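# Architecture and fold: a report
Below are the chains, spelled out letter by letter.
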Amino acid sequence: MNSKQVVLITGSSTGFGRLFTETLARKGHTVFATMRDPGGRNAKNASEIRALAEKDSLPIHVIEMDVTDDASVERAVNAAVAKAGRIDVAINNAGYFLGGLGETVTTEQAQRLMDTNFFGPVRVNRAVLPHMRRQRSGVLMYISSGAGRVVLPSGGFYCASKFALEALAESYSYELAAQGIESVIVEPGAYETPVIGNAVTGADKARTNTYGAAKEFPAKVGGALASTAGNAQDVADAVLRIIETPPGEKQLRYFVSPQDWGVDEINALSKRVQANMLEGFGLTADTRFLKGKAVGSA
Ligand SMILES: NC(=O)c1ccc[n+]([C@@H]2O[C@H](COP(=O)([O-])OP(=O)(O)OC[C@H]3O[C@@H](n4cnc5c(N)ncnc54)[C@H](OP(=O)(O)O)[C@@H]3O)[C@@H](O)[C@H]2O)c1
């Protein structure tokens with residue numbers, strides 16, 4: 001594989017996605033910086049990124065993708081492949097935080113959250129995998145969260161969306177390894193991005209009346225996260241290092257965080273438990289990463 005890779009990123013308008021775009025492109029990787037509505041709600045962000053690419057001659061292409069829309073995802077992936085001929089890395093980054101006591105969250109709010117944070121990556125994976133299979137290589141990267149491994153009171157639905165994402169990503173990793181396709185889950189702790197300003201809160205506030213001290217959970221958790229938030233560039237630097245790690249040498253999970261939430265401990269235990277489980281089911285050999293070897297290929 002060429003050391004300069006073709007990377008497709010979802011949710012590149014702001015925050016991590018935007019930092020990944022610039023950080024990877026400055027190292028010579030071709031980036032398809034996807035975002036919803038680059039001609040409207042994200043017109044300013046899109047034109048800033050295009051201007052930066054122009055000024056510094058960076059290999060960045062801004063294209064439209066709404067991860068909640070199958071047709072939009074297909075169009076973006078096809079456009080990237082038409083332009084670059086391949087997609088080496090798909091970074092499932094688009095997502096948002098939904099906070100508030102669980103009972104205040106309406107079913108519609110919960111479904112909308114899952115449609116972005118969980119079904120978004122489902123759509124992106126379905127669109128990119130045929131291309132990666134043809135290439136016999138590729139990396140599916142997921143921007144999960146430390147909150148995809150530990151549970152924050154008043155962040156239950158967000159945690160559920162990231163726990164669901166973690167389970168699916170890990171399952172894909174076992175299923176796809178023998179086809180030369182790697183899976184990487186990045187679990188950031190709290191970082192300074194627009195994520196808090198873009199957060200949604202449970203709509204049915206009347207449901208909090210009986211909760212007493214628990215009513216303060218959202219403020220306490222939010223305050224604790226905000227007061228220890230790290231520099232988001234650290235996550236972009238970690239993503240660059242991971243992408244430049246040779247095929248077959250990447251870890252499944254990377255907890256990247258200014259706070260120690262014990263996630264490394266959970267990941268280490270989970271790795272042992274999963275390895276034993278795979279062994280017990282007789283799946284160890286078939287879940288091993290095989291570089292450049294598509295199943296069924298000669
Ligand atoms: N910052 C943290 O502390 C932290 C910690 C752990 C994990 N994360 C995760 O990191 C990822 C990026 O968040 P961030 O912190 O960088 O916050 P952010 O600046 O709010 O970025 C979120 C991005 O997702 C995009 N997005 C939302 N819905 C979308 C959709 N339907 N289609 C396409 N794009 C969509 C947003 O685009 P619009 O501009 O169009 O809204 C935005 O570009 C999220 O998955 C988040 O859960 C963040």
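Let me begin by describing the structure that accompanies this report. (Residues numbered from 1 in each chain as written. Predicted model: local features only at pLDDT ≥ 70, side-chain atom pairs only at ≥ 80, totals over all residues. Heavy atoms only, no water.)

## Description of the nonpolar core
Judged by nonpolar contacts, the single largest core of 33 residues is most densely connected at F20, I91 and M141. Examining the composition of this core, we find that seven residues originate from one element, helix α8 (residues 233-243), more than from any other. Aside from chain neighbours lying at most four places away, what touches I91 is V7, L8, I9, T10, F20, L24, M141, I143, V239 and I243. Counting residues in hydrophobic clusters, the runner-up holds 27 residues, among them A80, A127, L129 and Y172. (Core = buried A, V, L, I, M, F, W, Y, C linked by side-chain atoms within 4.5 Å. Buried < 20%, exposed > 50% of the residue type's maximum accessible area, 1.4 Å probe, protein only. Helix = DSSP H or I, 4+ residues; strand = E, 2+ residues; numbered from the N terminus. Contact = heavy atoms within 4.5 Å.)

## With respect to the packing of aromatic side chains
Within the structure shown, the criterion is met by five aromatic pairs. The interplanar angle of 80° and the centroid separation of 5.0 Å between the aromatic rings of F118 and F119 together place this pair among those described as edge-to-face. A residue is classified by how much of its surface remains accessible, and F118, at 15% relative accessible area, is buried. Joined through ring pairs, the aromatic side chains of F16, F20 and Y191 make up one cluster. (Phe/Tyr/Trp six-rings, centres within 6.5 Å; stacked < 30°, edge-to-face > 60°.)

## A look at helix α2 (residues 43-56)
Helix length check: α2, at 14 residues, gives a terminal C-alpha distance of 20 Å against a target of 20 Å (1.5 Å per residue), a fit within 8%. Buried within α2 we find N45, A46, I49 and A53. Looking straight down α2, one finds that the buried residues subtend no more than 100° of arc, so they occupy a single side. In α2, those exposed residues whose orientation departs by more than 90 degrees from the buried face are K44, E54 and K55. Packed against the buried residues of α2 are α1 (15-26), β2 (30-35) and β3 (60-64). Two residues or fewer past α2, S57 is found with a positive phi of approximately 50°. (Expected span 1.5 Å × (residues − 1). Arc of directions from axis to C-beta.)

Shape descriptors only; they carry no functional weight alone.
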